[in-house]
Amino acid sequence: RSFLLAILLLPLSRIRLRQFHLYVEHLNYLFWVKSTFVDSRYHNSRESLWRSVARAIKLSKTDRWTVYELGVAHGYTTWWFMNEDLPQIIRWRGFDLFTGLPTKWRNLDAGAFSNGGQIPSFADNRVSFVKGDVRDTLATESFVTGRKLVFFDIDLYEPTLQSWHLLKGHLGPGDILVFDEAFDTGERVVVESHVMKHFEVEPIGHTHTQLAIQIPRIRPAS
């Protein structure tokens, strides 16, 4: 079957070939999600998935949630959640260089997602942003008690993995993790080979790129 596909792809342009590879990548990701998280619900947009995340926060038995957003760019995720009725979120901490990707990633050049070095402005006093390499700024962060919602949106594998190692000791039952590029091999390795080795996780839902999971308990030491 792979050989036949290769023959069929010979006449395709480089752009169409890249689109086909992306389609196959998304398909493999969706198969992985359904085999790993049988009950995960598919959402056709990130906003739909975020509503499920917001619902999980509202249904939780705590009113003290802190959000750690790793990768802010222009601040759309922050804006969306701050416009929801979520008084349970008492603190929103965003981490970014605000100058875009530091290196090329996939078909994107360095500098993609730049906000011109400017920190987005929000009137909501719950929101604060930290400018710099997330691996440096997270290492000096004073983590607070209470439930945590973490957005992994750094894209690059190494910073995502290192951020996970900086965060994992501060996470526990009830916390929620959202991986923005879970379809990408690098981010999926972090989920499968690191997060799921340390915690048991349950799905909140997924899109064709994102995955939201919740931690019910820490895995017992083997």
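Here, every reference points to the structure presented above.
Residues numbered from 1 in each chain as written. Predicted model: local features only at pLDDT ≥ 70, side-chain atom pairs only at ≥ 80, totals over all residues. Heavy atoms only, no water.

## Regarding the sheet that holds strand β3 (residues 127-131)
Cut-off, in case you're wondering: Any two strands with at least two DSSP bridges between them are considered paired. Going along the chain from the N terminus, every DSSP run of H or I of four or more residues is numbered as a helix, and every run of E of two or more is numbered as a strand. Under this scheme, a helix contributes an axis fitted over its contacting stretch, all axes are lines through C-alpha atoms, and angles between N-to-C directions fall in the 0 to 180 degree range. Only heavy atoms matter for contacts: two residues are in contact if any of them lie within 4.5 Å across the pair.
Overall, mixed pairing links the seven strands, which are arranged β3-β2-β1-β4-β5-β7-β6 in an open sheet. Since the sheet does not close on itself, it has two edges, and those belong to β3 and β6 (199-206), each with one partner. When strand polarity is set aside, the average angle formed by the axes of neighbouring strands in this sheet is 20°. Here four bridges tie strand β5 (residues 176-179) to strand β7 (residues 211-218), and the two strands are oriented antiparallel to one another. Looking at the pairing, leucine 177 lines up with isoleucine 213 of β7. Each of β1 (65-70), β4 (147-152), β5 and β6 is contacted by helix α6 (residues 157-167), which is oriented at about 170° to β4, the strand it contacts most.

## Let's talk about a nonpolar patch on the surface
We count it as follows: Patches in this entry comprise residues that are over 30% relatively accessible and not in a salt bridge; like charges within 9 Å are linked, as are nonpolar side chains (Val, Leu, Ile, Met, Phe, Trp, Tyr) within 5 Å. In this description, accessible areas are obtained by the Shrake-Rupley approach with a 1.4 Å probe, and a residue is regarded as covered only by the protein chains that are shown. A carboxyl oxygen of Asp or Glu within 4 Å of a side-chain nitrogen of Lys or Arg is what we treat as a salt bridge.
Taken together, Tyr23, Leu27 and Phe31 make up a surface patch of nonpolar side chains, about 340 Å² in accessible area. Structurally, phenylalanine 31 can be placed in helix α2 (residues 14-36).

## Here we look at the packing of aromatic side chains
We count it as follows: Centre distance within 6.5 Å is the pairing criterion for rings of Phe, Tyr and Trp, where only the six-membered ring of Trp is used; planes under 30 degrees apart are then read as stacked, over 60 as edge-to-face, and the remainder as tilted. Exposure categories follow from relative accessible area, calculated using a 1.4 Å probe and restricted to protein chains: below 20% of the type maximum is buried, above 50% is exposed, and the middle band is partly exposed. Note on criteria: charge over ring means Lys NZ or Arg CZ within 6 Å of the ring centre, with the direction from the centre no more than 35 degrees off the ring normal.
Taken as a whole and judged by the stated rule, the model has 16 aromatic pairs. Consider the rings of tryptophan 50 and phenylalanine 151, whose centres lie 6.5 Å apart with planes at 85°: the pair is edge-to-face. Taken together, the residues tryptophan 50 in helix α3 (residues 46-59) and phenylalanine 151 in strand β4 connect sequence positions 101 residues apart. Relative accessible area serves as the criterion here: at 1%, tryptophan 50 is assigned to the buried category. An aromatic cluster of three or more residues is present, and its members are Trp50, Tyr76, Trp79, Trp80, Phe81, Trp92 and Phe151. The lysine or arginine in question, arginine 106, covers the ring of tryptophan 105, its NZ or CZ lying 5.6 Å from the ring centre.

## Focus: unusual backbone geometry
Despite not being glycine, arginine 106 has its phi angle at roughly 55°, a positive value. With respect to the helices, strands and loops of the structure, arginine 106 is situated in the loop between β2 (89-96) and β3. The phi dihedral of aspartate 155 is positive, around 75°, even though this residue is not glycine.

## Let's talk about the nonpolar core
So the rule is basically this: Put simply, buried Ala, Val, Leu, Ile, Met, Phe, Trp, Tyr and Cys residues joined by side-chain atoms within 4.5 Å make one nonpolar core.
Of all hydrophobic cores here, the largest spans 31 residues; its most connected members are Leu70, Trp164, Leu177 and Phe179. Looking at this core, the elements with two or more residues in it are α2, β1, β4, α6, β5, α7 (185-198), β6 and β7. Of the residues forming this core, the biggest block, four residues, is contributed by α7. In contact with leucine 177, other than residues within four places in its own chain, are Val150, Phe152, Trp164, Leu171, Val195, Leu211, Ala212, Ile213 and Ile215. Of all hydrophobic cores here, the second largest spans 24 residues; its members include Ile57, Trp80, Trp92 and Ile204.

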